[in-house]
Amino acid sequence: MSNTVFITGASSGFGEACARKFAQHGSTLILAARREDRIQALAEELSEQTRVHSVVLDVRDRSAIFSTIENLPEPFKAIDILVNNAGLALGLQGADAASLDDWETMVDTNIKGLMFCTRAILPGMVSRGGGHVVNLGSVAASWPYPGGNVYGGTKAFVQQFSRNMRADLLGKRIRVSNVEPGMCETEFSVVRFEGDQDKADAVYAGMTPLTAPDIAEIVYWVTALPAHINVNQLEVMPTAQAWSPFAVHRE
Ligand code: NDP
Ligand code: 8X3
């Protein structure tokens, strides 16, 4: 029987690639994002392969999330897999100069949005006796870098929230996985640099980054494993990315 997958941030990058991947495997899809034109076009395209419902949704809007879940059309009501993917980084300034508005937007989207979607969808999974929540964390959860400040903090929340959910859900046949990518070329850096494509391109210049289909492959794989296997946390980097020595300031 095909499963039903709810994907946040399905209008680009990982979310869009996950939609395509799950569609190839016949999943029923609910695609959510703010940009209506993008998700409608994707839903129209993928509806040739599978059953698709698209919703315009800002994950910062708590009541809109709950009303979206309550009012899903009948064939889409029983969500088996939630891909908590919507998220963003804004800016790379140090903690003494970064924009507080940007910080709030990252907290509201990456932490609160993920929390709201999870809380709205989880009771249905529990009552049906099964499900899988896949969260999109980041290498930034574990590894600090200059300018990562609040973005890394939001992904550290995702890491620990994912683990705590596993503790809460033990015995309920619900899996929780936290996929933590490193550098991946999507619209992520364009968003981080407020639409500055040259700055975004420079991030990936001269190296081979991960791609959105690479991440979709991993997200699909963790969900396709037999039900007794739970991938808790999966960190993945491009081969061309690694750590540096500690930075030392010398007088
Ligand atoms: P993209 O910018 O390509 O995609 C981000 C998606 O999130 C878009 O579909 C956007 O849709 C959606 N989104 C942003 N804000 C909101 C909101 N308030 N409500 C609903 N949807 C929202 O980036 P990626 O695909 O790369 O990023 C996806 C996730 O992966 C994010 O959580 C990101 O932090 C994480 N990540 C990315 C990495 C990378 O290097 N690319 C590495 C590690 C993690 P719309 O604007 O239409 O609402
Ligand atoms: C995105 C990866 O290294 O740009 O989460 O923070 S990084």
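Description of the structure in this document. As the structure is a computational prediction, the values presented were derived from the model and not from experiment.

As for the sheet that holds strand S7 (residues 233–236)
Part 1 of the argument: Taken in spatial order, the seven strands line up as S3-S2-S1-S4-S5-S6-S7 in an open sheet, and their pairing is parallel. Since the sheet does not close on itself, it has two edges, and those belong to strand S3 (52–56) and S7, each with one partner. Put simply, the sheet's adjacent strands are angled 15° from each other on average, direction ignored.
Part 2 of the argument: The pairing of strand S4 (residues 81–84) with strand S5 (residues 131–136) spans four bridges and is classified as parallel. Across the sheet, the residue bridging to Leu82 is Val133, located in S5.

Things to note about the site of ligand 2
Part 1 of the argument: As a structural note, the neighbourhood of ligand 2 is formed by Ser138, Val139, Ala140, Tyr145, Tyr151, Phe188 and Arg192.
Part 2 of the argument: When the free accessible area of ligand 2 is taken as 240 Å², the share hidden by the protein chains comes to 83%.
Part 3 of the argument: Its residues assigned to classes, the shell around ligand 2 shows five nonpolar, one polar and one charged.

Things to note about unusual backbone geometry
Residues apart from glycine generally show negative phi values, whereas peptide bonds are mostly found in trans.
Part 1 of the argument: Notably, Arg173 is not glycine yet its phi reads approximately 60°, a positive angle.
Part 2 of the argument: Within the secondary structure, Arg173 sits in the loop between helix H5 (149–169) and strand S6 (174–181).
Part 3 of the argument: Given a relative accessible area of 72%, Arg173 falls into the exposed group.

Considerations on the pattern of salt bridges
Part 1 of the argument: Taken as a whole and judged by the stated rule, the model has seven salt bridges.
Part 2 of the argument: One salt bridge in this structure joins Glu16 and Arg20, with 2.9 Å as the shortest N-O distance. Of this pair, Glu16 and Arg20 both sit in helix H1 (residues 13–24), four residues apart, roughly one helical turn.
Part 3 of the argument: Between Arg35 and Glu187 there is a salt bridge, with its nearest N and O atoms 3.2 Å apart. Here Arg35 is found in the loop between strand S2 (28–33) and helix H2 (36–46), whereas its partner Glu187 is found in the loop between S6 and helix H6 (188–192), with 152 residues between them in sequence.

Details of the site of ligand 1
Part 1 of the argument: Not every one of the 29 residues close to ligand 1 is listed here, only the nearest: Ser11, Ser12, Arg34, Tyr151 and Thr186.
Part 2 of the argument: One of the backbone nitrogen or oxygen atoms of Gly9 is found 3.0 Å away from an oxygen atom of ligand 1.
Part 3 of the argument: Here ligand 1 has 870 Å² of accessible area as a free molecule, and 96% of this is covered by the chains.
Part 4 of the argument: Class assignment of the residues belonging to the shell around ligand 1 gives a composition of 12 nonpolar, 11 polar and six charged.

So, H2
Spacing of three or four residues puts side chains on the same side of an α-helix, whose turn is 3.6 residues.
Part 1 of the argument: Those residues of H2 not exposed but buried are Ile39, Leu42, Ala43 and Leu46. Down the axis of H2, the buried side of the element spans an arc of 100°, and every buried residue falls inside it. Of the exposed residues in H2, those oriented more than 90 degrees away from the buried face are Asp37 and Glu44.

Re the nonpolar core
Part 1 of the argument: Among the nonpolar cores identified, the biggest contains 35 residues, and Ile7, Phe22, Leu29, Leu31, Val83, Ile215 and Val219 are the most heavily contacted of them.
Part 2 of the argument: The residues contacting Leu31, other than those within four sequence positions of it, are Ile7, Ala10, Ala19, Ile39, Leu42, Ala43, Val52, His53, Ser54 and Val55.

Some points on the packing of aromatic side chains
Part 1 of the argument: Within this structure, the stated rule accounts for four aromatic pairs.
Part 2 of the argument: Between Phe22 and Tyr220 the ring centres are 5.4 Å apart and the planes differ by 70°, which places this aromatic pair in the edge-to-face class. Pair noted here: Phe22 is in helix H1 and Tyr220 is in helix H8 (residues 212–224), with a separation of 198 residues, a long-range link.
Part 3 of the argument: For Tyr220, a relative accessible area of 19% translates into the label buried.
Part 4 of the argument: It is Arg192 that lies over the ring of Tyr151; its NZ or CZ is 5.5 Å from the centre.

Here we look at the environment of Thr223
Part 1 of the argument: Residue position: Thr223 is located in helix H8.
Part 2 of the argument: Judged by its relative accessible area of 11%, Thr223 is buried.
Part 3 of the argument: Separated by 74 residues in sequence, Thr223 and Asn149 place their C-alpha atoms 31 Å apart.
Part 4 of the argument: Other than its neighbours up to four places away in sequence, Thr223 contacts Phe22, Ile81, His132, Val134 and Arg175.

What counts, and at which threshold
Residues numbered from 1 in each chain as written. Chains lettered and ligands numbered in written order. Predicted model: local features only at pLDDT ≥ 70, side-chain atom pairs only at ≥ 80, totals over all residues. Heavy atoms only, no water. Pairing = 2+ DSSP bridges. Helix = DSSP H or I, 4+ residues; strand = E, 2+ residues; numbered from the N terminus. Axes fitted to C-alpha atoms, helices over the stretch in contact; angles between N-to-C directions. Near = heavy atom within 4 Å. Areas by Shrake-Rupley, 256 points an atom, 1.4 Å probe, with all protein chains shown as cover. Nonpolar A, V, L, I, M, F, W, Y, C, P; charged D, E, K, R; others polar. Buried < 20%, exposed > 50% of the residue type's maximum accessible area, 1.4 Å probe, protein only. Salt bridge = Lys/Arg side-chain N within 4 Å of Asp/Glu carboxyl O. Polar contact = N/O pair within 3.5 Å; in protein donor to acceptor, adjacent residues only side chain to side chain. Arc of directions from axis to C-beta. Core = buried A, V, L, I, M, F, W, Y, C linked by side-chain atoms within 4.5 Å. Contact = heavy atoms within 4.5 Å. Phe/Tyr/Trp six-rings, centres within 6.5 Å; stacked < 30°, edge-to-face > 60°. Lys NZ or Arg CZ within 6 Å of the ring centre and 35° of its normal.

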